Amino acid sequence: PAVLSPGSLSRRGHYALRGKQVIRPVIAEAMARAGAACGPKGCSLCSAGRPACANRTWVYDQTAHAAVCLEPPGDVLGRSHLYVAVLSGCVPAIVDGGHLAYAQRAPTWWAWRAGRSRQNGTAVPATALDYRKFAFVLRAEDLDPGGAWLARLRAAASDEGGMRRKREALARVQPLFAYARRACGVRCDAFSMFQLVLRRAKATIAALP
């Protein structure tokens, strides 16, 4: 698919989350209007001339053959499918906001996502990855059922040069989203990254007056 949005996007799923997950129905409507094939496991929006792409039913098969994977919030701001997308080579399109249990303009703190400095100069979580290099970063407030945002995302997915750069950057960070079978050193897998974050947190605490 040109764009894949795996997982339940229905209003039923929205109400199952007690009405706080507001962006999935918006995405579902935009995908349906654009001609996506939608079912209980999500929506597949095929590239022009490839209508059969939506016939894949296994989520891992879908992800491995998709160009872009939409990753709206789940029960909380994050969702596990992001890691499936990263490890499968599907360029994530992450969504900041869209869950009423959290501040709407707050970024979603995916694993190792680099933070911005606060206005008072103190740093937000000690993470290291600039997601803009290997993912599309969307704001929930910019997503509308009419789908102008989806048209822009599809155009970006059709840009071979841009997608090649995203995939190259994605390949460089893939090891940081999985666990190596053996100790591998520093900043080489998810566990070593976690250790790095803990060391930075310990150093920050030790420096407090």
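Heads up: the structure comes first, above all this text.
About the criteria used
- Residues numbered from 1 in each chain as written.
- Predicted model: local features only at pLDDT ≥ 70, side-chain atom pairs only at ≥ 80, totals over all residues.
- Heavy atoms only, no water.
- Helix = DSSP H or I, 4+ residues; strand = E, 2+ residues; numbered from the N terminus.
- Buried < 20%, exposed > 50% of the residue type's maximum accessible area, 1.4 Å probe, protein only.
- Core = buried A, V, L, I, M, F, W, Y, C linked by side-chain atoms within 4.5 Å.
- Contact = heavy atoms within 4.5 Å.
- Polar contact = N/O pair within 3.5 Å; in protein donor to acceptor, adjacent residues only side chain to side chain.
- Phe/Tyr/Trp six-rings, centres within 6.5 Å; stacked < 30°, edge-to-face > 60°.

Q: I'm lost on unusual backbone geometry in this one. Help?
A: Phi is positive for W112, which is not a glycine, with a value near 65 degrees. Counting through the fold element by element, W112 comes out in the loop between β5 (91-96) and β6 (136-139). The exposure class of W112 is buried, given its relative accessible area of 13%.

Q: How do you make sense of the nonpolar core when you look at a structure like this?
A: Grouped burial of nonpolar side chains is what soluble globular proteins tend to show. By size, the foremost hydrophobic cluster in this structure holds 24 residues, and its most contacted members are V3, M31, V68, L70, W149 and L153. Those elements giving two or more residues to this core turn out to be α2 (23-33), β3 (42-45), β4 (68-71), β5, β6 and α5 (148-157). The element contributing the most residues to this core is α2, with 5 residues. Here V3 is in contact with M31, C43, S44, L45, V68, L70, L150, L153 and R154, once residues within four sequence places are set aside. In terms of nonpolar packing, the next biggest core, distinct from the first, is built from 17 residues, A135, V173, L176 and F177 among them.

Q: Which parts of the structure should I look at to understand the side chain of E71?
A: Tracing the backbone through its elements, the reader meets E71 in strand β4. Only 2.8 Å separates the side chain of E71 from the side chain of H81, close enough to count as a polar contact. The contacts of E71, once residues within four sequence positions are left out, are R79, H81, L82, A85, P92, A93, I94, V95 and W110.

Q: I keep staring at the packing of aromatic side chains and nothing clicks. Help me out?
A: Here a ring pair, both rings aromatic, is described through the centre-centre distance and the interplanar angle of the planes. Per the counting criterion, the structure on display carries 4 aromatic pairs. Their ring planes at 45 degrees and their centres at 4.7 Å tell us that Y131 and F134 sit as a pair that is tilted. Taking the relative accessible area as the measure of exposure, F134 reaches 2% and is therefore buried. Summarising the aromatic geometry, the rings of F134 and F177 are spaced 6.4 Å apart at their centres and angled 75 degrees between planes, so their arrangement reads as edge-to-face. Placement of F134 in the loop between β5 and β6 and of F177 in the loop between α6 (160-173) and α7 (190-206) is noted, with a sequence separation of 43 residues between them. Each member of the aromatic cluster is reached from another via a ring pair, and the members are Y83, Y131, F134 and F177.

Function cannot be read off these values alone, since they describe shape.
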